[in-house]
Amino acid sequence: MDPEVTSLAQSAGTTLVTLMAADAWQRTRDGFTQLWQRMQPERAETVAAELEAGRADVLAAVAAHDQETLEELRLQWQGLLRRLVVARPAAADELRRLLDELDPGGSAARQVTQHATASGHGRVYQAGRDQHIADR
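All residue numbers refer to position in the chain's written sequence, counted from 1. Thresholds applied to this predicted model are a pLDDT of at least 70 for local features of residues and 80 or more for the giving and counting of side-chain atom pairs; totals over whole chains, interfaces and linings are not thresholded and use all residues. To get the side-chain values, take all heavy atoms of the structure and skip hydrogens and water.

**Student:** What exactly am I supposed to notice about the overall build of the protein here?
**Tutor:** Here a helix means four or more residues in a row that DSSP labels H or I, a strand means two or more in a row labelled E, and each is numbered from the N terminus. Secondary structure summary: the protein contains five helices and zero strands in total. Shown N-terminal to C-terminal, the secondary structure of the protein runs as helices and strands in the order α-α-α-α-α. All accessible-area figures derive from a Shrake-Rupley calculation using a 1.4 Å probe, and residue coverage is judged against the displayed protein chains alone. With the model as given, the accessible surface of the protein reaches about 8600 Å², and the carbon-plus-sulfur share is 48%.

Following this line, the structure appears as structure tokens:
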């Protein structure tokens, strides 16, 4: 499996699910539907319906604070997008352009989840970005 395709699909799936609950939903839906219309026109109508159903699921999961369902939806879209890019390699460049248009700074794909356990006198230092530690 091509790691670059996998990484692109992961980023795109995460961005898509994040934007399903955002104000940019109409643009997001239209962009992904158009991508499928160009790459796999026979599947575009089905994907458009799946996008709408996915949005309803995302909104319900967000309202219920259901992270498990959100993760399942991310994985579902990551798989669909990976298979699209594998079947139509030209979709990779178009998908990158679409992601740049929808989420220019990549903020939707930057989701950080951390878990740590320390015992005894152990310490845990975690950061989602910059971290400055001044232990003395």
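**Student:** Just to check I follow, could you spell out unusual backbone geometry for this structure?
**Tutor:** A negative phi angle is the norm for most residues apart from glycine, just as the trans form is the norm for most peptide bonds. Phi angles above zero are rare outside glycine, and His65 is one such case at about 55°. Mapped onto the secondary structure, His65 falls in the loop between helix H3 (44–63) and helix H4 (67–87). Exposure remark for His65: the relative accessible area of 68% places this residue in the exposed category. Think of it in three bands: residues with accessible area under 20% of the maximum for their type are buried, residues over 50% are exposed, and the middle band is partly exposed, with areas taken using a 1.4 Å probe on protein chains only.

**Student:** Help me understand the side chain of Gln78, please; the structure alone is not making it clear to me.
**Tutor:** Inspection of the secondary structure assignment puts Gln78 in helix H4. Setting aside anything within four residues of it in sequence, one finds Gln78 in contact with Ala9, Gln10, Gly13 and Thr14. Contacts between residues were defined by any pair of non-hydrogen atoms, one from each residue, lying within 4.5 Å.

**Student:** Is there a simple way to explain the nonpolar core in this structure?
**Tutor:** Inside soluble globular proteins, nonpolar side chains tend to come together where they are buried. Judged by nonpolar contacts, the single largest core of 31 residues is most densely connected at Phe32, Trp36, Leu51, Trp77 and Leu95. Within the residue set of this core, elements represented by two or more residues are helix H1 (3–20), helix H2 (25–39), H3, H4 and helix H5 (91–102). Among all residues touching Trp36, those that are not within four sequence positions of it are Pro41, Arg43, Ala44, Val47, Trp77, Leu80, Leu81 and Leu84. Side-chain atoms within 4.5 Å link the members of a nonpolar core, which is a set of buried Ala, Val, Leu, Ile, Met, Phe, Trp, Tyr and Cys residues.

**Student:** Explanation requested: H5 in the structure shown.
**Tutor:** Because each turn of an α-helix spans 3.6 residues, side chains separated by three or four positions end up pointing in the same direction. For H5, with 12 residues, the first-to-last C-alpha span of 16 Å sits near the 16 Å given by 1.5 Å per residue. Regarding H5, the residues found buried are Ala91, Ala92, Glu94, Leu95, Leu98, Leu99 and Leu102. Considered in projection along H5, the buried side chains sweep an arc of 165° and stay on one side of the axis. In H5, the exposed positions angled more than 90 degrees off the buried face are occupied by Asp100 and Glu101. Looking at the buried side of H5, the elements it contacts are H1, H2 and H4. Multiply 1.5 Å by the residue count of a helix minus one, and that product is the helix's expected span. The directions considered for the arc run from the helix axis to the C-beta atoms.

**Student:** Would you mind showing me how to read the side chain of Glu94 here?
**Tutor:** If you trace the backbone, Glu94 turns up in helix H5. In this structure Glu94 touches Leu35, Arg38 and Met39, once residues within four positions along its chain are discounted.

**Student:** Before we go on, may I ask you to explain the pattern of salt bridges in this structure?
**Tutor:** Between side chains of opposite charge, pairing is possible as soon as their charged atoms come close. Salt bridges, as used here, are contacts in which a Lys or Arg side-chain nitrogen is within 4 Å of a carboxyl oxygen on Asp or Glu. A full pass over the atoms with the stated rule returns six salt bridges. A salt bridge links Glu4 to Arg96; the shortest N-O distance between them is 2.8 Å. One end of the pair, Glu4, is in helix H1; the other, Arg96, is in helix H5, with 92 residues separating them in the sequence. Here the residues in one salt-bridge network are Glu4, Asp93 and Arg96, joined through shared partners.

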